[in-house]
Amino acid sequence: MKTDELREMYLSFFESKGHKRCPSDVLVPTWDPSVLFTPAGMNQFKDHFLGKVKLDFARATTCQKCLRTGDIDNVGRTAYHQTFFEMLGNFSFGDYFKRDAIHWAWEFLTSSRWLGIDADRFSVSIYLDDDEAADIWQQDIGLSSDRVERMDEYDNFWPAGAPTEGPDGVCGPCSEIFYHPPGGGQEVEIWNLVFTQFNRVGSPPDNLRPLPSKNIDTGMGLERTVATLQGVDTNFHIDTLRPLVEAVSDVCQVAYQPDSDAGRRLRRIADHVRACAMAIHENVYPGPQKEKYVIRRLLRRAVLDGHQLGLREAFLYQLVPAVVEVMKGPYPDVGETTGRVADVIKNEETSFLGTLDDGLARIEHLFAQLRSDHRNTVDGAAAADLYQTYGVPPEVFEALAAEQQLAFDWEGFQSAMEAHGEASGRLSHSVMDVKGPEATIKQVLHSVEFLGYQTAQTDAELKFIIAGEQLLDRWSAPGPEAAVRLVLDRTPFYGEAGGQVGDTGEISTDGVRFVVTDTDREGDLLLHRGYLLEGELRTGNRVLAVVDAERRLAIRRAHSATHILHHALQQNLGSHAQQQGSKVDGDWLRFDFTNLASIPAEQLAEIEAAAVACIEAAAPITATTVPLAEARRAGAMMLFGEKYPDPVRMVSMGDFSKELCGGTHLDNTRDVGAFEITAEEAVSSGVRRVVALTGDKAREHAERTRATLEEAAQLLQVGPLQAPSAAADLARSVRELKKELSGGGQRTESASDAAAAPSGSRPTYAEVKQALRQTARTLNVALFEVPTRVRSLQAEVESLEQQRQQLVTSGDVSVDRLLEQATRLDECQLVIAEVPGANPNLMRHLIDRLRQQAAPIAVLLAASSGDDKVVLVAGLSGELTDRGAHAGKWVAAVAQVVGGGGGGKPDLAQAGGRRPEQLPAALELAVDVLQQQLHGG
RNA sequence: GGGGGAUUAGCUCAGUUGGGAGAGCGUCUGGCUGGCAGCCAGAAGGUCAGGGGUUCGAGUCCCCUAUCCUCCA
């Protein structure tokens, strides 16, 4: 039996038993914070099990794409471990229970109409005291007692060990079905039937409370079951995966021998590349965090296996077509993204190979150190350090160490990694928690009627008051510190979702005013977060809920503009430019999308112009609720990573944009008013971010841009469009002045462009924007910091000019002049002098020249800079340092007199102080100090 | 979300109680050789990522921000 046949047979069997056939959920359920990836078929039904949502059906069956990395080390080594796999399952939400679940499982496995497997090939396990299940298996089905094994809570309870160790929440016993292959091979667990019938509360004993409605949750590993049916010894040899392994073997040019080390690596590569391709297909790219990081790690492990097999160039991406070939049957849409997925993989593996090269250099460095220390073991902690900081994989480390006859301390490595794990903090999340006031509310109130599409205000009944984790009947504490959440039976307030921020506004009744600062969403509940201004709230009150209409309108402008931008991006960049995330606030929006390269300014301007054209086209905007299938036919934008309800709300703009969206929108695109893209940047590799403004904010931004450029131009005394070149001149003159002062050299007269006359006509906004951007870039500051920066540069020029002037008027501070002032001390020349206007660099130059010309010599030069600072530099020629003099100590002692300190090397040192008026006294002291040093006093 | 690191010349990077901003490669100029390869000499090239703080003095110490790398969850 083929894989595709088993999948289809399972689903149609349960359809024939009244189950709704649901499609596989996405691989990354963004709506579920407790998991990174969908780990099992039941995941998409969590809310159904908990009664959190209204049920349209009580029985479902699925084939679910799953990803698990818990046992990643076993992949390739064992027969059945995989990271990506498919799971068949049937589910009951308070409908049928153990008896039907077991009977149907048995019928599917053994009936000749279905799988028709010999009943003698099966045995089952059940939970210790689950007599109900035991009876069904033995009495109804007729299994002999030696084929029904009772196991403890760690084997036959879900979650494992729950009665004793928790977590609290929904749980129950399970029953596993084992297949015994003919010929006496190892038995295989192929199906697990979970009977969720308890709510665990606290520690044993008596902590398992029966649930009012009991559920069934079963899981049959597709690949594993196929492997047993096909009589092959590992999942990797079934009809779908064997060709993939062969493809890996081809690309790697390593013959596939199942039992060899290389064979294990080939299987692992096959598994990992399939997992990566399926995830990337759903727009989950390799990245530095969370699910993205898991994908990066999977990809790297595969690359590393290839590396160990001798490959040094990117190769994984070549396997994408093979993966598509295998997966496009059940998931036809994977065929649409082959090129994109391959590009992403190629990019990522290329950059990883670069990282590996860096790692090799660091490993070399460490080996050199070991050799010089005459040690023969690579310290595990040091290796862990390199791994954590630079990503040097331990496997590579070990292999290279072996070449150098060095041992690798795996134990030390592991414990260091564990310590790192602790230090990084672990998230603990229970699989299903039914705690918190929101859960309590949901038992009573399944959803809140949302009226915000039609109106900004409505009367309503106050149903619940949530303060912290408690439900209250009344609330009277005023002020922002006393924040609570309110639940109404209906509301015009939009709760944050789909990137659109929550509404603000006011909820009031006679003598009571409550400020809504934000609106959240918990499932279908809308929670108004805020505080009381006056009065007392009581549940049951009739209240008036009023949204801040002006802000809501600004949000609508931004949201409609977001759809327009999405459309413009796809038109301009291509259909790969898909939404990766978005945030919509009042007249402000942020839009992340898939694109490998940055977008040049000209292209960005084109995109902006295209968006503006859509706005000016004054296209009508409509929202309709239609069946999902109809929306798909209409060509609405569907995102792979999104989970859509059915029916869906489809927002259309003219004939250019159709998106599935629950947000609030304008009635006509013209109402967006102004639109401007203000930033384009990277979010992570392969993802770009655009920030844009609409309406009032866009207009204000344009005003401000114009005003800022004009201010800068005025400071620079040029016309607005000459600001960039004038700013460049200014920056250049600062650089040249600094160089001149520090080098003591001659000033090279810079050919500064004469200030051009302001141009006659008023520059266009595009020109203004361009000019300000360019100015900001030359000055290396943010757009609106330009005038500030210009002022500070101008001040710097002035002060540098002053210094230069001082230096010029102080006459020629030449080596000769200083030597004329020299006195004698013992056999040496001694120069102690003030050099007005000089800086430390110039003084050092002078000292160098004096030492060259007149050794043995001691020099101490001083200058006051500014009003309240003194700089001192001292230098000694070799003869004097040999005799025990120390420039650092010398200059430090002298600097004390001017209220400072200093230090440096024996032959050259520098100091400073804050009291210029004491400088003469200090210089006088300098002679004595040096004399004492030379005479050991 | 948390831990570790990086950011210095066009490129690759060094910079050690805080006290002269450096090397190699590349570029340019000159020289050696009959010419080239090559060798020698010299030069140009820096807002030490940005901002704040400590200090007489910060590439170096502290804080913040940005970007990138990396590990853990």
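Residues numbered from 1 in each chain as written. Chains lettered and ligands numbered in written order. Predicted model: local features only at pLDDT ≥ 70, side-chain atom pairs only at ≥ 80, totals over all residues. Heavy atoms only, no water.

Student: Quick one: what's the story with the packing of helix α16 (residues 549-573) against helix α17 (residues 601-616), residue by residue and with numbers?
Tutor: Helix-helix packing is characterised by the crossing angle of the two axes and by the distance between the axes. Where α16 contacts α17, the axes come no closer than 9 Å and their chain directions differ by 130°. Relative to α17, α16 is oriented oblique. At the point where α16 passes α17, the crossing takes the right-handed sense. Side by side, α16 and α17 meet where I564, L565, H567, A568, L569, N572 and L573 of the first sit next to Q603, E606, I607, A610, A611, C614 and I615 of the second. When the residues that make up the contact of α16 with α17 are grouped by side-chain class, the tally is ten nonpolar, three polar and one charged. (Axes fitted to C-alpha atoms, helices over the stretch in contact; angles between N-to-C directions. Helix = DSSP H or I, 4+ residues; strand = E, 2+ residues; numbered from the N terminus. Parallel < 35°, antiparallel > 145°, perpendicular 65-115°, else oblique. Left-handed = near helix turned anticlockwise from the far one by under 90°. Contact = heavy atoms within 4.5 Å. Nonpolar A, V, L, I, M, F, W, Y, C, P; charged D, E, K, R; others polar.)

Student: An account of the pattern of salt bridges is needed here, citing residue identities and associated values.
Tutor: Within this structure, the stated rule accounts for 38 salt bridges. Notably, a salt bridge pairs R59 with D95, separated by 2.3 Å at the nearest N-O pair. Of this pair, R59 sits in strand β2 (residues 59-67) while D95 sits in the loop between β3 (84-93) and α3 (98-110), and the two are 36 residues apart along the sequence. The partner of R490 in a salt bridge is D459, with the nearest N and O atoms 3.1 Å apart. (Salt bridge = Lys/Arg side-chain N within 4 Å of Asp/Glu carboxyl O.)

Student: Quick rundown of the pairing of strand β18 (residues 505-509)? Include the residues and the values.
Tutor: In the sheet, β18 pairs with strand β19 (residues 512-522) via five bridges, with the strands oriented antiparallel. The partner of G505 across the bridge, within β19, is V516. Once β18 ends, the chain turns through two residues before running back antiparallel as β19, passing G511 with a positive phi of about 70°. The pairing of β18 with strand β22 (residues 542-547) spans four bridges and is antiparallel. Looking at β22, one finds that E506 is bridged to V546. (Pairing = 2+ DSSP bridges.)

Student: For the packing of helix α11 (residues 338-372) against helix α13 (residues 394-403), give the residues involved together with the corresponding values.
Tutor: The N-to-C vectors of α11 and α13 enclose an angle of 45°; their axes lie 11 Å apart at closest approach. On the basis of their axis angle, the class for α11 and α13 is oblique. Every pair of crossing elements has a handedness; the one defined by α11 and α13 is right-handed. Residue-level contacts link L356, L360, I363, L366 and F367 of α11 to V396, F397, L400 and A401 of α13. Of the residues in the contact of α11 with α13, the class split is nine nonpolar, no polar and no charged.

Student: Please provide a residue-by-residue account of the side chain of T708, values included.
Tutor: Structurally, the position occupied by T708 is in helix α19 (residues 695-716). For T708, a relative accessible area of 8% corresponds to the buried category. Within the structure, the side chain of T708 is placed 2.6 Å from the backbone oxygen of R704, a separation counted as a polar contact. For T708, the residues in contact, after removing those within four places along its chain, are L772, L783, F784 and P787. (Buried < 20%, exposed > 50% of the residue type's maximum accessible area, 1.4 Å probe, protein only. Polar contact = N/O pair within 3.5 Å; in protein donor to acceptor, adjacent residues only side chain to side chain.)

Student: Tell me what's going on with the nonpolar core, and back it up with residues and numbers.
Tutor: With 115 residues, the main nonpolar core has F108, W137, W191, L316, V378 and F397 as its most contacted residues. Not counting residues within four places of it along the chain, the set of residues in contact with V378 comprises L366, F367, L370, A383, F397, A401, L406, A407, F408 and D409. Formed by 30 residues, the second largest nonpolar core is a distinct cluster that contains A561, I599, C614 and I615. (Core = buried A, V, L, I, M, F, W, Y, C linked by side-chain atoms within 4.5 Å.)

Student: So what's going on with the sheet that holds strand β26 (residues 648-653)? Which residues, and what values?
Tutor: Across a sheet, paired strands are connected by hydrogen bonds in the backbone, their directions being either parallel or antiparallel. The antiparallel open sheet is built from three strands, whose spatial order is β25-β26-β27. Each edge of the open sheet carries a strand with a single partner, namely β25 (621-626) and β27 (657-660). The average undirected angle you get between the axes of adjacent strands in this sheet is 25°. Sheet topology note: the β25/β26 ladder contains six bridges and is antiparallel. Opposite V626, over in β26, you have V648 as the bridge partner. Strands in contact with α16 are β25, β26 and β27; relative to β26, the strand with the most contacts, it is inclined by about 75°.

Student: A description of the pairing of strand β32 (residues 857-865) should follow, citing residues and the corresponding values.
Tutor: In terms of residue burial, β32 counts as a mostly covered element, since seven of its nine residues are buried. The pairing of strand β31 (residues 828-834) with β32 spans six bridges and is parallel. Bridge pairing in β32 links Q829 to I857. The parallel pair β31 and β32 is bridged by helix α24 (residues 840-854), and the resulting crossover is right-handed. As defined by bridge partners, β32 adjoins strand β33 (residues 869-876) across eight bridges and the pair is classed as antiparallel. Of the residues in β33, the one forming a bridge with S865 is K869. (Right-handed = clockwise from strand over helix to strand, strands pointing away.)

Student: Report on the protein's contact with RNA strand B, specifying residues and quantitative values.
Tutor: Around RNA strand B there are 39 residues in total, and K290, Y293, R300, T389 and D848 lie nearest to it. Protein-proximal atoms of RNA strand B, defined as those within 4 Å of the protein, fall in sugar or phosphate at a share of 53%. Contact distances for RNA strand B include 2.4 Å between a phosphate oxygen and a side-chain N or O atom of Y293. At 3.2 Å, a side-chain N or O of R844 approaches a phosphate oxygen of RNA strand B. Contributions of two or more residues to the surface near RNA strand B are made by α9 (290-308), α12 (380-390), α14 (410-424), α24, β34 (901-904) and β35 (908-913). Tallied by class, the residues present in the surface near RNA strand B amount to ten nonpolar, 17 polar and twelve charged. (Near = heavy atom within 4 Å.)

Student: Run through the packing of aromatic side chains, naming residues and quoting values.
Tutor: Inspection of every chain in the model, using the stated rule, returns 26 aromatic pairs. Pairing Y127 with F157 gives two aromatic rings, centres 4.9 Å apart and planes at 70°, and the pair type is edge-to-face. With Y127 in strand β4 (residues 122-127) and F157 in strand β6 (residues 157-158), this residue pair connects regions lying 30 residues apart in the sequence. For F157, a relative accessible area of 3% corresponds to the buried category. Taking the centre distance of 4.9 Å and the plane angle of 65° together, the rings of F408 and W410 count as edge-to-face. Grouped by ring-pair contacts, the aromatic residues Y10, F13, F14, F108, W114 and W191 constitute a single cluster. A cation over a ring is seen here: K214 above F97, with NZ or CZ 5.9 Å from the ring centre. Above the face of the Y453 ring, R649 is positioned so that its terminal group lies 3.5 Å from the ring centre. (Phe/Tyr/Trp six-rings, centres within 6.5 Å; stacked < 30°, edge-to-face > 60°. Lys NZ or Arg CZ within 6 Å of the ring centre and 35° of its normal.)

Student: Report on the confidence of the model for chain A, specifying residues and quantitative values.
Tutor: Confidence in the prediction for chain A averages 84 pLDDT; 92% of positions are at 70 or higher. Across residues 426-434, confidence stays below pLDDT 50; counting only partners more than four residues off in sequence or on other chains, it has 19 contacts. The low-confidence segment residues 744-757, where pLDDT is below 50, has 19 contacts with residues more than four positions distant or belonging to other chains. This prediction of the complex comes with two scores: 0.71 for pTM and 0.81 for ipTM. (pLDDT = per-residue confidence, 0-100.)

Student: Now, about the sheet that holds β32: what can you tell me, with residues and values included?
Tutor: Pairing in this open sheet of six strands is mixed, and the strands run β30-β31-β32-β33-β35-β34 from one edge to the other. Two strands in the sheet have a free side with no partner beyond their single neighbour: β30 (823-825) and β34. In this sheet, neighbouring strand axes are inclined to one another by 20° on average, regardless of whether the strands run parallel or antiparallel. Pairing geometry for β30 and β31, over three bridges, is antiparallel. Paired with T823 across the two strands is L830, which belongs to β31. In the packing of helix α26 (residues 887-897) onto the sheet, the strands contacted are β31, β32, β33, β34 and β35, and the crossing angle to β33 comes to about 150°. The sheet strands contacting helix α27 (residues 919-934) are β30, β31, β32 and β33, and the helix crosses β31 at an angle near 160°.

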